[in-house]
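Letter by letter, the chains look like this.
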Amino acid sequence: MVDTGEFDEAKIVDEWLTYTKQDKARTGWRFTQTQGRSVEFSSPEKAVAAMTMKDDLVANVYASEPMIQQPMAFCFDAKGRLWVAENLDYEDRGKGFSSDGNSRVLILEDTDHDGVADGRKVFVEGIPFPSELLVGIGGVWLGAPPNLLCIPDADSDDVADTEDIEVRLTGWGIRDRHETLNSLVFGPDGWIYGLEGIATASRVGKPAGKGKIYQHNEPFPIKVEFDGDSTPIDGGVWRYHPTKERFEVVAHGFSNPWGIDFDKKGQAFITACVIPHLWHVIPGGIYHRQGGQHLNSHFYDDIKTIADHRHKSAHGGARVYQSDALPAAYDGQILMINLHDHELLADVLERKGSGYVGHHGDSLLQANDPQWVGFSLEVGPDGAVYMLDWHDGALCGEDVINKETGRVFRVQAKQSSAEDFEHRYADLESLDDMAIVDLQSVKSVWHSRQAKTILQHRAQSRPIEPAAIIKLQNMFVPANDVDSRLRATWVCM
């Protein structure tokens, strides 16, 4: 089929009914693009009203324009605040790139815990093309290709110490804006994990000049120079240790992976676009590629998806639900967003042999809005699911139609079962070591992970309280369940 760039909806529908499964994915993408460019723009409130979802769930607008615009990434900090990377330099998927100095990192806060952001701060602005961020262990980790930056805030005034921004790694490409570094998350081992797609081959290493400080006025494209060796990555999963300053490729392949998470046993799962949507990641694995050649040709066969079903082709988000607010049936299911169908999905993970199989779960929510461009998820301290919506009529970003839009939606149980345990909505950084260790026993994995990360950072500058260490050691007794013992192990790593 020749793509003329013109949209004929009747013809596309006919093609959808007659083409093979492989061609259907492409035709379906074109049909969705047609819809996005032709429907009436919906306000955030109308967007929520148009959503349909399972009877036990309810949705609301957590934040929207003009509070946020063009959000490309988000995450929670230890205070329960939502950080958003506004990528205002994005112009189109493969050719356009501005460096206007107006991209921002924001801090949003819900001070009265009603599920709606009521506070907004600008943490930093002027760093071109922020594609991902993560907060913890010494600052804000910001992916801004070709760099991975560490942005400190030594006096905790919620304003970046811009004169001390470090370039920790450099070399990420940006040929395809959708396939550069993304999906930063702290792993159970204390490393920062991330993803990259196959359309943006990169070579990553420490920048030339030890302790290089980021220069705001450095012209783009930035000249990449390394201090020592560098590591090639052409699609896959990578990790970086924030204190040991080591970079490794964990697994190679995939297509455009976006979204990585770990289950209660520390097993890693990712979601991806175009090729099958669900993967169990094994360190050293070489996985099915969308196209091109693997960097290492010495393998028998590449590893295939764990999914036993197929959806249309674009998925992102990957969050294993491990909290207590949604009904118990969702516990351990992996949640994701299907961009082409504009919906929130769940797959059921089942242990099988040495790996897993992913069964088709429920469709939790349909946006019913072709301009809804969701691709990232977070589970908050309240146990609710937060969905980022770039929101634009151009589904896959060939251009930007709605330059001033951006939304975060919150999905919660109609009857939340979230426990009001001690320190649930506290500033976890303010707690002593014993209170931090106590959080390893709560049902909310968000709290146990934040607590582990805080102790990991504290241990770099001072000894952990002896009573807290004893309490961790007591979690290893055989009477405790495996999941609790694993949490204690990861804290001690």
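Residues numbered from 1 in each chain as written. Predicted model: local features only at pLDDT ≥ 70, side-chain atom pairs only at ≥ 80, totals over all residues. Heavy atoms only, no water.

J.: Tell me what's going on with empty space enclosed by the protein, and back it up with residues and numbers.
T.: To find leftover empty space, one rolls a probe the size of a water molecule over the atoms. Evaluation of the coordinates by the stated rule reveals four cavities of 30 Å³ or more. Lining the largest cavity are 23 residues; nearest its centre among them are Val-185, Glu-378, Trp-446, Arg-449 and Gln-450. Those elements that place two or more of their residues in the lining of the largest cavity are β3 (71–76), β7 (132–135), β11 (182–186), β21 (315–320), β25 (374–379) and α5 (445–458). For the lining of the largest cavity, the element with the highest residue contribution is α5, accounting for six residues. Taken together, the residues that form the lining of the largest cavity break down as 12 nonpolar, six polar and five charged. Of the voids in this model, the second largest cavity is the one considered here, and its volume is about 100 Å³. What lines the second largest cavity is a set of 15 residues, among which Glu-132, Ser-183, Arg-319, Ser-376 and Glu-378 lie closest to the centre. Of all the elements, β25 adds the most residues to the lining of the second largest cavity, at four residues. (1 Å grid on protein atoms, 1.4 Å probe; cavity = no way out; pocket = protein on both sides within 12 Å on 5 of 7 lines; lining within 4 Å. Points joined across faces, edges and corners; volume = space filled by probe spheres on them. Helix = DSSP H or I, 4+ residues; strand = E, 2+ residues; numbered from the N terminus. Nonpolar A, V, L, I, M, F, W, Y, C, P; charged D, E, K, R; others polar.)

J.: Tell me what's going on with the sheet that holds strand β6 (residues 119–125), and back it up with residues and numbers.
T.: Taken together, the four strands give an open sheet; going across it, the order is β3-β4-β5-β6, and neighbouring strands pair in antiparallel fashion. Two strands lie at the open edges of the sheet, namely β3 and β6, each paired on one side alone. Direction aside, neighbouring strands of the sheet carry axes that sit 20° apart on average. Sheet topology note: the strand β4 (residues 82–86)/strand β5 (residues 104–109) ladder contains five bridges and is antiparallel. (Pairing = 2+ DSSP bridges. Axes fitted to C-alpha atoms, helices over the stretch in contact; angles between N-to-C directions.)

J.: Explain the nonpolar core to me, and be specific about the residues and the numbers.
T.: Soluble globular proteins tend to pack their nonpolar side chains together in the buried interior. The biggest cluster of nonpolar side chains holds 48 residues, and the ones touching the most others in it are Tyr-62, Leu-82 and Leu-108. Ranked by residues supplied to this core, first place goes to α5 with four residues. Among residues more than four places away in sequence, those in contact with Tyr-62 are Leu-82, Leu-108, Glu-109, Asp-110, Gly-115, Val-116, Ala-117, Tyr-386, Val-408, Phe-409 and Arg-410. Membership of the second largest hydrophobic core comes to 25 residues, among which are Leu-326, Trp-372, Met-387 and Ala-413. (Core = buried A, V, L, I, M, F, W, Y, C linked by side-chain atoms within 4.5 Å. Buried < 20%, exposed > 50% of the residue type's maximum accessible area, 1.4 Å probe, protein only. Contact = heavy atoms within 4.5 Å.)

J.: I'd like a rundown of the pairing of strand β16 (residues 247–254), residues and numbers included.
T.: Side-chain positions along a regular strand alternate between the two faces of the sheet. One ladder, built from five bridges, connects strand β15 (residues 236–240) with β16; its direction is antiparallel. Considered in β16, the bridge of Tyr-240 is made with Phe-247. Remark: six residues form the turn of the hairpin made by β15 and β16, two consecutive strands paired antiparallel; Glu-245 in that turn has positive phi of roughly 55°. Pairing geometry for β16 and strand β20 (residues 286–289), over two bridges, is parallel. Within β20, the position partnered with His-252 by the bridge is Ile-286.

J.: Tell me what's going on with the packing of aromatic side chains, and back it up with residues and numbers.
T.: With the rule as written, the count across this model stands at 16 aromatic pairs. With centroids separated by 5.7 Å and ring planes inclined at 90°, the aromatic side chains of Trp-258 and Phe-375 adopt a geometry described as edge-to-face. Taken together, the residues span a long stretch of sequence, with Trp-258 in strand β17 (residues 256–262) and Phe-375 in strand β25 at a distance of 117 residues. Exposure remark for Trp-258: the relative accessible area of 7% places this residue in the buried category. Classification of Phe-375 as buried rests on a relative accessible area of 11%. Following the ring pairs from residue to residue traces out a cluster consisting of Tyr-62, Phe-76, Tyr-386 and Trp-446. Above the ring of Trp-191, the side-chain terminus of Arg-239 is found at 3.7 Å from the ring centroid. (Phe/Tyr/Trp six-rings, centres within 6.5 Å; stacked < 30°, edge-to-face > 60°. Lys NZ or Arg CZ within 6 Å of the ring centre and 35° of its normal.)

J.: Tell me about the sheet that holds strand β12 (residues 192–196), and name the residues and values.
T.: Spatial strand order, β11-β12-β15-β16-β20: five strands in an open sheet with mixed pairing. Looking at which strands have only one partner, the edges of the open sheet turn out to be β11 and β20. Geometrically, the sheet is characterised by an average inter-axis angle of 25° between neighbouring strands, direction not taken into account. As paired elements, β11 and β12 share three bridges and run antiparallel to each other. Counterpart to Phe-186 in the pairing with β12 is Ile-192.

J.: Describe the layout of surface pockets, listing the residues and the values that go with them.
T.: Computed from the structure, the second largest pocket encloses a volume of approximately 500 Å³. Among the elements that make up the lining of the second largest pocket, the one with the highest residue count is α5 (four residues). Per-class residue counts for the lining of the second largest pocket are 10 nonpolar, seven polar and six charged.

J.: Lay out helix α7 (residues 482–492) with the relevant residues and their values.
T.: Of the residues making up α7, those classed as buried are Ser-484, Arg-487, Ala-488, Trp-490 and Val-491. The buried residues of α7 occupy an angular sector of 165° when projected down its axis, which confines them to one face. Summarising the contacts, the buried residues of α7 are in contact with α5 and α6 (466–474). Residue Asp-481 occupies the N-cap position of α7, its side-chain oxygen lying 3.0 Å from the main-chain nitrogen of Asp-483. (Arc of directions from axis to C-beta. Polar contact = N/O pair within 3.5 Å; in protein donor to acceptor, adjacent residues only side chain to side chain.)

From the geometry alone we can't say anything about function, so treat these as descriptive.
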